Amino acid sequence: MAKIANVFGRLEAFSISVFLYVIGYIQMAGSNNVKTFASAQIFYAAGSTGLQILQQIFIADTSDLLNRALFSSLPDIPFLITVWVGPPIAQSILGRTTWRWGYGIWTIVLPVAFLPLALALFLNRRKAAELGLLPRSPLGGQKSLSVIKTLWYELDVMGLLLLSAAISLILIPLTLAATAKGGWHNPSIIAMLVIGGVCLVVIPFWEMSPKLAPKPFLSLHLLSNRTVLAGCVIGFFYFSEYSHPRNAYGGPDSSQWFSIPPCSRISSPIFRSFKASP
C-alpha cells in the first residue's frame, strides 16, 4: 500500500484501503459459512493493514521528526476508550438485532469517518496543483505498454509476488500438514515448502539488483543502518507480543465463563497493557 501511495497518491491509497476494509466487513456480515467468513478476512486484513501503514505515512508527511513519535501514537488513543465503551455497544446490538450488524455497521461508519480526511487530501492536492507544487506523475503522457512497464518497476510487482509466494508456500503447509494424507511426507506439502524456500532465497538477490528492481519495495541496504535495524528488531518483538497475549487471553479463557461485556473488559485491558508496554 505504501508503494501505491507513492505512485498514485495518498488519497488513492486511502480510498483503496477503505474500499477493501468495507468489502471485508460486507462479506463477514453476509457470510453463512466458515469459508465465506475466512475469505472475508483477506479483504479485511488488506484494508486494515493498509490503513495502519497509511496512517503512519500521513503522520510522517505532516509532522517534524521531533514530534513524530508523539503523533504516531495518536491513532492508538481511541483504544483507551473503546475498551470500556465497546462491550456495552456490542451487547446492545446483539440484544436488538443479529451479530451481522456488528460487522455491517462499520460499512457505514468507516466511509463516513473517512470523508473529512478524503476531502482534506483532495483540496490540498488541488491547491498544490494550482501552485505548481504537485510532483509530476511517473505515468503521465505514456502509452498503455509503457504504463504497464512503469508500474512493473515502480510497484516492484515481481518482488511482491516473490515475497507473497514465499510466505504463503511456507506457512500454508504448516496448517495443512496435520490433515494432509501422509502428513509431512505428502508430495504437495514438500513441494510447497521447497518452492517457498527457493522464493525466500531469491528475494534478496532480486531486490538488490538495480536492473531487475530499480525501485525495490525492500531496501535491504538500509539494514546496514543500526537505527533501522534496531527498529526492525523492536517491530519483531512488538508484533510478537501483539498476537500471543491476544490469542491466549482474548478467547480461550474468559469467553467460556462470562457474557460479552465482562469478557471484553477482562481480555481487552490485558491486551492493551501489552500493547502499551513498548
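Owing to the predicted nature of the structure, the values given are computational and were not obtained by experimental measurement. (Residues numbered from 1 in each chain as written. Predicted model: local features only at pLDDT ≥ 70, side-chain atom pairs only at ≥ 80, totals over all residues. Heavy atoms only, no water.)

**Student:** Would you mind going over the overall build of the protein with me for this structure?
**Tutor:** In terms of regular secondary structure, the protein is built from 12 helices and zero strands. Element order for the protein, N to C, with α for helix and β for strand: α-α-α-α-α-α-α-α-α-α-α-α. In the protein, which comprises 278 residues, the share counted as buried stands at 24%. Within the protein, contacts between residues separated by at least 24 positions form 61% of all contacts whose residues are at least 6 apart in sequence. In the structure as shown, the protein presents an accessible area of about 18300 Å², 71% of it carried by carbon and sulfur atoms. (Helix = DSSP H or I, 4+ residues; strand = E, 2+ residues; numbered from the N terminus. Buried < 20%, exposed > 50% of the residue type's maximum accessible area, 1.4 Å probe, protein only. Contact = heavy atoms within 4.5 Å. Areas by Shrake-Rupley, 256 points an atom, 1.4 Å probe, with all protein chains shown as cover.)

**Student:** Could you clarify how one ought to interpret the layout of surface pockets in this entry?
**Tutor:** Sizing a probe to match a water molecule and rolling it over the atoms shows the empty space that remains. Of the pockets and cavities examined, the second largest pocket occupies roughly 660 Å³. Lining the second largest pocket we find 22 residues, and of these Gly 9, Arg 10, Arg 125, Leu 134 and Pro 135 sit closest to its centre. Of all the elements in the fold, those that place two or more residues in the lining of the second largest pocket are helix 1 (2-7), helix 2 (10-30), helix 3 (34-62) and helix 7 (106-130). With six residues, helix 7 is the single largest residue contributor to the lining of the second largest pocket. (1 Å grid on protein atoms, 1.4 Å probe; cavity = no way out; pocket = protein on both sides within 12 Å on 5 of 7 lines; lining within 4 Å. Points joined across faces, edges and corners; volume = space filled by probe spheres on them.)

**Student:** Please clarify how the side chain of Asn 186 should be interpreted in this entry.
**Tutor:** Structurally, Asn 186 can be placed in the loop between helix 9 (157-176) and helix 10 (187-207). Reaching out from Asn 186, the side chain makes a polar contact with the backbone oxygen of Lys 181 at a distance of 2.8 Å. (Polar contact = N/O pair within 3.5 Å; in protein donor to acceptor, adjacent residues only side chain to side chain.)

**Student:** For this particular structure, what's the right way to read a nonpolar patch on the surface?
**Tutor:** A grouping of Leu 70, Phe 71, Leu 74, Ile 77, Leu 80, Ile 81, Trp 84, Val 85 and Ile 89 is seen on the molecular surface, where their side chains present a nonpolar patch of about 880 Å² in accessible area. Of all elements in the fold, only helix 4 (65-72) and helix 5 (79-96) reach the threshold of two or more residues within the nonpolar patch. Among the elements that line the nonpolar patch, the one with the most residues is helix 5, at five residues. The residue Leu 70 is located in helix 4 in this model. Classification of Leu 70 by relative accessible area gives exposed; the value is 54%. (Patch = residues over 30% accessible without salt bridge, like charges linked within 9 Å, V, L, I, M, F, W, Y side chains within 5 Å. Salt bridge = Lys/Arg side-chain N within 4 Å of Asp/Glu carboxyl O.)

**Student:** Explain the confidence of the model for the protein to me, please; I cannot follow it from the model alone.
**Tutor:** Detailed reading of predicted coordinates is not advised where the pLDDT is low. Across the protein, pLDDT averages 81, with 85% of residues at or above 70. Element-level pLDDT for the protein is lowest in helix 12 (residues 260-276), with a mean of 56, against a maximum mean of 92 in helix 2. The model gives residues 248-252 a pLDDT under 50, and that stretch makes 10 contacts with residues more than four places away or in other chains. (pLDDT = per-residue confidence, 0-100.)

**Student:** For this particular structure, what's the right way to read the side chain of Lys 3?
**Tutor:** Structurally, Lys 3 is set in helix 1. Despite its burial, Lys 3 remains without a salt bridge, the nearest opposite charge being carried by Glu 154 at 5.7 Å. When near neighbours in sequence (up to four residues on either side) are disregarded, Lys 3 contacts Glu 154, Leu 155, Lys 215, Pro 216 and Phe 217. (Lys, Arg positive; Asp, Glu negative; His and termini not counted.)

**Student:** Please clarify how the packing of helix 2 against helix 7 should be interpreted in this entry.
**Tutor:** When two helices pack together, you describe them by how their axes are tilted relative to each other and by the distance separating the axes. Orientation of helix 2 relative to helix 7, taken along the N-to-C sense of each, is 175°, at an axis distance of 10 Å. Put simply, helix 2 runs roughly antiparallel to helix 7. Residues Arg 10, Leu 11, Glu 12, Phe 14, Ser 15, Val 18, Tyr 21, Val 22, Tyr 25 and Ile 26 of helix 2 form the contact with helix 7, whose own contacting residues are Trp 106, Thr 107, Leu 110, Pro 111, Phe 114, Leu 117, Ala 118, Leu 121, Phe 122 and Arg 125. For the contact of helix 2 with helix 7, the class distribution of residues is 15 nonpolar, two polar and three charged. (Axes fitted to C-alpha atoms, helices over the stretch in contact; angles between N-to-C directions. Parallel < 35°, antiparallel > 145°, perpendicular 65-115°, else oblique. Nonpolar A, V, L, I, M, F, W, Y, C, P; charged D, E, K, R; others polar.)

**Student:** What's the story with helix 7 in this structure? I'm lost.
**Tutor:** Three or four residues apart is the spacing at which side chains of an α-helix point the same way, because the helix has 3.6 residues per turn. Helix length check: helix 7, at 25 residues, gives a terminal C-alpha distance of 36 Å against a target of 36 Å (1.5 Å per residue), a fit within 8%. Taken as a whole, helix 7 carries its principal kink of about 35° at Leu 115; the proline Pro 116 stands between one and four residues after it. For helix 7, the complete set of buried residues consists of Leu 110, Phe 114, Ala 118, Leu 121 and Ala 128. On its buried side, helix 7 packs onto helix 2 and helix 3. Phi for Gly 132, located one or two positions after helix 7, is positive at around 75°. (Expected span 1.5 Å × (residues − 1). Bend = angle between axes of the 7 residues up to and from the residue.)

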